[in-house]
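Residues per chain, in single letters:
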Amino acid sequence: FRYMTALTDSEEEELSDAEQRDEERPADKLCELLQRIDCLHQGTESDKRESLTVLLEQREEFGQNSPFLWRLIRAYCDVHDVSSTLEEKKTHAESGKRVGEEAVGLNPMCAESHQWYAIMCGIMAEYDTVQNKIKNGYIFKDHLDRAIELKPQDPLSYYLLGRWCYAVAQLSWIERKVAATLFGEPPSATVEDALKNFLKVEEIQPGYSKLNYVFLAKCYKDLGQRERARKMCEAACSVNAVSKEISFIREKSDRDVGRETGNDTRERATGTPGVFCFCSFFVFCPNRGIKETTSELLKTTLALDDTTIGSICDKFKQKLLHERFDPSAGRSIDEVRVCHWKESIQETVGSCSSQTLASQCYYMWKNSRLEVLHLSPEICTLLKQLRSSYKLLLLTNGETQTQREKVEAVRCEEFFDAIVIGGEHAEQKPYLSIFTLCFNMLGVEAQDCVMVGDSLDTDIQGGFNARVRATVWISSSGGAVPESSVKPDYTIPTVLDLPDILEQLK
């Protein structure tokens with residue numbers, strides 16, 4: 001999870017009680033330093049970088065002081081957010097988290113240390129493994145709870161807890177299953193829990209943050225309370241972001257207000273292309289012809305009847321559906337699927353099948369499948385038209401060799417500016433890291449992208465995680481979005497209807 005902050009000018013004007021009890025050496029010099037750092041924190045990108053530099057220079061002298069350490073964590077967070085490269089961002093996030101661990105260990109009674117350590121754990125979720133992402137989510141919650149216990153009238157902690165609850169409430173069933181597998185049970189929170197925390201922020205400090213109004217609107221919208229959602233959007237638009245929030249948060253909240261009200265507040269230069277990530281192969285693949293070619297081979301070789309052959313093919317199909325390919329195991333995808341055929345024949349016929357026959361079945365199935373893959377003329381025309389105005393990127397999950405063979409078979413390279421295969425990277429959709437990679441490849445921002453796909457769990461959830469401008473679900477069956485699923489911004493029966501959506505987005 002990634003939990004963004006909405007900081008205000010007034011949130012850190014005074015030292016907390018825990019800070020006042022902390023030993024300071026010498027007191028006057030430290031006090032002047034902290035006041036200077038707080039001023040730099042509210043300044044420009046250059047000021048934020050200067051703040052981190054100054055704190056690191058003074059760390060040897062004041063590194064055992066809680067007010068100093070939590071400001072060092074905050075500085076790492078600030079510089080992370082203004083950094084331009086993924087490597088630099090990750091370095092600052094890792095350093096900030098280490099300081100956070102040190103700070104909460106040094107003084108467990110300092111609410112700000114717990115608060116900023118939680119924030120750094122949220123940031124680290126962008127760069128960690130799936131297991132560590134989930135682990136950091138639990139740590140985030142634990143330290144926010146502790147911060148609220150120590151300082152129950154701090155609106156920032158309730159805002160962050162609201163963001164955590166909202167993120168957990170949006171988890172797909174896949175992510176919940178992973179969490180349950182790794183940690184015994186998934187994190188639990190509802191949209192109602194999130195709403196309660198955002199309302200607490202408003203109770204403590206009315207008008208605290210534009211983003212708090214945005215997430216109040218999101219919660220009300222999810223709960224079907226459209227009129228209240230509209231009022232929260234109006235409240236968000238009325239907040240003077242220049243005087244109340246840092247510029248990074250202002251830009252981010254302006255985008256969120258636009259998404260919730262349907263009126264994008266960002267200015268766009270005329271003719272500037274958006275970026276659209278296509279994740280599905282819009283391919284027609286007649287399985288019946290493929291099955292017939294393999295069936296004929298089994299019939300002539302083993303003299304089997306159609307029912308038995310059908311059972312073999314069905315078993316192979318099931319093995320494909322439940323396939324878990326691990327390239328580190330030392331076998332290629334071809335070898336794994338030859339084994340699928342061998343096992344399917346043996347399980348059905350009851351006798352040991354030959355490796356040669358299994359290999360023949362696999363390669364006949366594979367080659368026949370690739371031969372019939374194609375893009376329809378209508379899809380080709382659509383992609384050409386879109387690419388004349390937009391950057392297009394194809395993002396697909398799956399094993400590297402298999403997906404590259406599909407791309408080559410349908411000859412779709414000419415239609416896309418870039419093609420990204422999930423199997424070539426540490427994480428696939430719906431995780432944020434692969435979307436960040438795509439944005440960096442094309443030199444674009446997430447808010448300028450539209451995600452188009454036919455999977456709610458990977459495509460639409462991934463677009464939601466990456467905070468793209470809009471998500472478009474292709475529901476060829478015309479089915480409704482399941483109650484427990486992430487909700488797409490738009491639903492269309494065929495990708496050929498995409499131009500209508502683009503017109504609406506304009």
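Given the structure is predicted, the values throughout are model-derived calculations rather than measurements.

**Student:** Even after reading the chapter, I still don't get the overall build of the chain, so can you show me in this structure?
**Tutor:** When you go through the chain residue by residue, the secondary structure sums to 24 helices and six strands. Counted over contacts in the chain with a minimum sequence separation of 6, partners at least 24 positions apart contribute 66%. Put simply, the chain shows about 23800 Å² of open surface, and 49% of that area lies on carbon and sulfur atoms.

**Student:** Which parts of the structure should I look at to understand helix 9 (residues 155–169)?
**Tutor:** With 15 residues, helix 9 extends 21 Å between its outermost C-alpha atoms, agreeing within 8% with the 21 Å of an ideal straight helix rising 1.5 Å per residue. Burial analysis of helix 9 places 13 of its 15 residues in the buried class, the great majority of the element. With a side-chain oxygen lying 3.0 Å from the backbone nitrogen of Leu156, the N-terminal cap of helix 9 falls on Asp154.

**Student:** Sorry if this is basic, but what is going on with the pairing of strand 4 (residues 449–453) here?
**Tutor:** Across a regular strand the side chains alternate sides, sitting on one face of the sheet and then on the other. Burial analysis of strand 4 places five of its five residues in the buried class, the great majority of the element. By the alternation rule, side chains of strand 4 split into Cys449, Met451 and Gly453 and Val450 and Val452, which are all buried. For the segment spanning strand 4, helix 23 (residues 456–466) and strand 5 (residues 470–474), crossover handedness is right-handed.

**Student:** How should the packing of aromatic side chains be read in this particular structure?
**Tutor:** What describes a pair of aromatic rings is the distance from one ring centre to the other and the angle between the planes of the rings. Going through the model one piece at a time under the given rule, you end up with eight aromatic pairs. Ring plane angle 40° and centroid distance 6.2 Å describe the contact between Phe62 and Phe68, whose orientation is recorded as tilted. Residue Phe62 is classed as buried on the basis of its relative accessible area of 2%. Look at Phe68 and you get buried, because its relative accessible area is 0%. On the basis of an interplanar angle of 50° and a centroid distance of 6.0 Å, the ring pair of Tyr159 and Phe198 is categorised as tilted. With Tyr159 in helix 9 and Phe198 in helix 11 (residues 191–204), the pair connects residues that are 39 residues apart, well separated along the chain.

**Student:** Help me understand the environment of Ser157 in this model?
**Tutor:** Of note, Ser157 is situated in helix 9. On the basis of relative accessibility, which here comes to 1%, the residue Ser157 falls in the buried class. When the C-alpha atoms of Ser157 and Leu144 are compared, they prove to be 6.2 Å apart, with 13 residues separating the residues in sequence. Filtering out sequence-adjacent residues up to four positions away, Ser157 remains in contact with Gln115, Leu144, Ala147 and Ile148.

**Student:** What exactly am I supposed to notice about the pairing of strand 3 (residues 418–421) here?
**Tutor:** In strand 3, alternate side chains face the same way, and those of Ala418 and Val420 on one face and Ile419 and Ile421 on the other are all buried. Relative to strand 3, strand 2 (residues 391–396) is paired through four bridges, and the arrangement is parallel. Residue Leu395 lies in a different strand from strand 3, and its bridge partner there is Val420.

**Student:** Would you explain the environment of Thr348 in this entry?
**Tutor:** Of note, Thr348 is situated in helix 18 (residues 333–349). Separated by 37 residues in the primary sequence, Thr348 and Ser311 place their C-alpha atoms 6.9 Å from one another. Excluding residues within four positions of it along the chain, Thr348 makes contact with Thr308, Ser311, Ile312 and Lys315. There is a polar contact of 2.8 Å between the side chain of Thr348 and the backbone oxygen of Ser344.

**Student:** I'm lost on the pattern of salt bridges in this one. Help?
**Tutor:** Opposite charge on two side chains allows them to pair when their charged atoms are near. Scanning all chains against the criterion turns up 22 salt bridges. Note that Arg230 is salt-bridged to Glu227, the shortest N-O span being 2.3 Å. Placement of the pair is Arg230 and Glu227 together in helix 13 (residues 226–238), with a separation of three residues, close to one helical turn. Arg230 gets classed as partly exposed once you look at its relative accessible area, which sits at 38%. According to the relative accessible area criterion, Glu227 is partly exposed, its value standing at 44%. The salt bridge involving Glu234 is made with Arg230; its shortest N-O contact spans 2.2 Å. You can see Glu234 and its partner Arg230 sitting in helix 13, four residues apart, about one turn around the helix. A single network of salt bridges, built from pairs that share partners, joins Asp38, Arg71 and Arg74.

**Student:** Sorry, what's going on with the confidence of the model for the chain here?
**Tutor:** Should the pLDDT be low somewhere, the predicted coordinates at that spot are not to be read in detail. Taken as a whole, the chain shows an average pLDDT of 81; of its residues, 80% reach a score of 70 or greater. Mean pLDDT across the elements of the chain ranges from a minimum in helix 14 (residues 241–244), with 36, to a maximum in helix 11, with 95. When the criterion is pLDDT under 50, residues 1–14 qualifies, and its contacts beyond four places in sequence or with other chains add up to 59 contacts. The model gives residues 241–273 a pLDDT under 50, and that stretch makes 68 contacts with residues more than four places away or in other chains.

**Student:** Got a minute to help me understand the packing of helix 5 (residues 66–82) against helix 7 (residues 111–124) in this structure?
**Tutor:** For any two helices packed against each other, one specifies the inter-axial angle together with the distance between the axes. Between helix 5 and helix 7, whose axes approach to 9 Å, the crossing angle comes to 25°. By the angle between their directions, the pair helix 5 and helix 7 is classed as roughly parallel. Seen along the crossing, helix 5 lies across helix 7 with a hand that is left-handed. On helix 7, the residues touching Ser66, Trp70, Ile73, Arg74, Cys77 and His80 of helix 5 are Glu112, Ser113, Trp116, Tyr117, Ile119, Met120 and Ile123.

**Student:** Is there a simple way to explain helix 7 in this structure?
**Tutor:** Count 3.6 residues to each turn of an α-helix, and residues three or four apart come out pointing the same way. In this model, helix 7 (14 residues) spans 20 Å end to end at C-alpha, consistent with the 20 Å of a helix rising 1.5 Å per residue. Among the 14 residues in helix 7, 14 count as buried, and that is most of the element.

**Student:** Would you explain the packing of helix 3 (residues 45–57) against helix 5 in this entry?
**Tutor:** Interaxial distance between helix 3 and helix 5 falls to 9 Å at its minimum, and their mutual angle equals 140°. Taken together, the axes of helix 3 and helix 5 are oblique relative to one another. Like other packed secondary-structure pairs, helix 3 and helix 5 cross with a definite hand, here left-handed. When helix 3 is examined against helix 5, the residues Glu45, Lys48, Arg49, Ser51, Leu52, Leu55 and Leu56 are found in contact with a partner set consisting of Phe68, Arg71, Leu72, Ala75, Tyr76, Asp78, Val79 and Val82. Each residue belonging to the contact of helix 3 with helix 5 can be placed in one class, and the counts come to nine nonpolar, one polar and five charged.

**Student:** Honestly, the environment of Phe215 in this entry has me stumped. Any pointers?
**Tutor:** Within the element layout of this structure, Phe215 appears in helix 12 (residues 210–222). On the basis of relative accessible area, Phe215 is assigned to the buried category, the value being 3%. Once the C-alpha coordinates of Phe215 and Arg163 are considered, the two residues, 52 residues apart in sequence, prove to be 8.0 Å apart.

**Student:** Looking at this structure, how should I read the side chain of His114?
**Tutor:** Within the element layout of this structure, His114 appears in helix 7. What makes His114 buried here is its relative accessible area of 6%. Those residues within four positions of His114 in sequence are excluded, and the remaining contacts are Val104, Pro108, His143, Arg146, Ala147 and Leu150.

Reading guide: rules and limits
Residues numbered from 1 in each chain as written. Predicted model: local features only at pLDDT ≥ 70, side-chain atom pairs only at ≥ 80, totals over all residues. Heavy atoms only, no water. Helix = DSSP H or I, 4+ residues; strand = E, 2+ residues; numbered from the N terminus. Contact = heavy atoms within 4.5 Å. Areas by Shrake-Rupley, 256 points an atom, 1.4 Å probe, with all protein chains shown as cover. Expected span 1.5 Å × (residues − 1). Buried < 20%, exposed > 50% of the residue type's maximum accessible area, 1.4 Å probe, protein only. Polar contact = N/O pair within 3.5 Å; in protein donor to acceptor, adjacent residues only side chain to side chain. Right-handed = clockwise from strand over helix to strand, strands pointing away. Phe/Tyr/Trp six-rings, centres within 6.5 Å; stacked < 30°, edge-to-face > 60°. Pairing = 2+ DSSP bridges. Salt bridge = Lys/Arg side-chain N within 4 Å of Asp/Glu carboxyl O. pLDDT = per-residue confidence, 0-100. Axes fitted to C-alpha atoms, helices over the stretch in contact; angles between N-to-C directions. Parallel < 35°, antiparallel > 145°, perpendicular 65-115°, else oblique. Left-handed = near helix turned anticlockwise from the far one by under 90°. Nonpolar A, V, L, I, M, F, W, Y, C, P; charged D, E, K, R; others polar.

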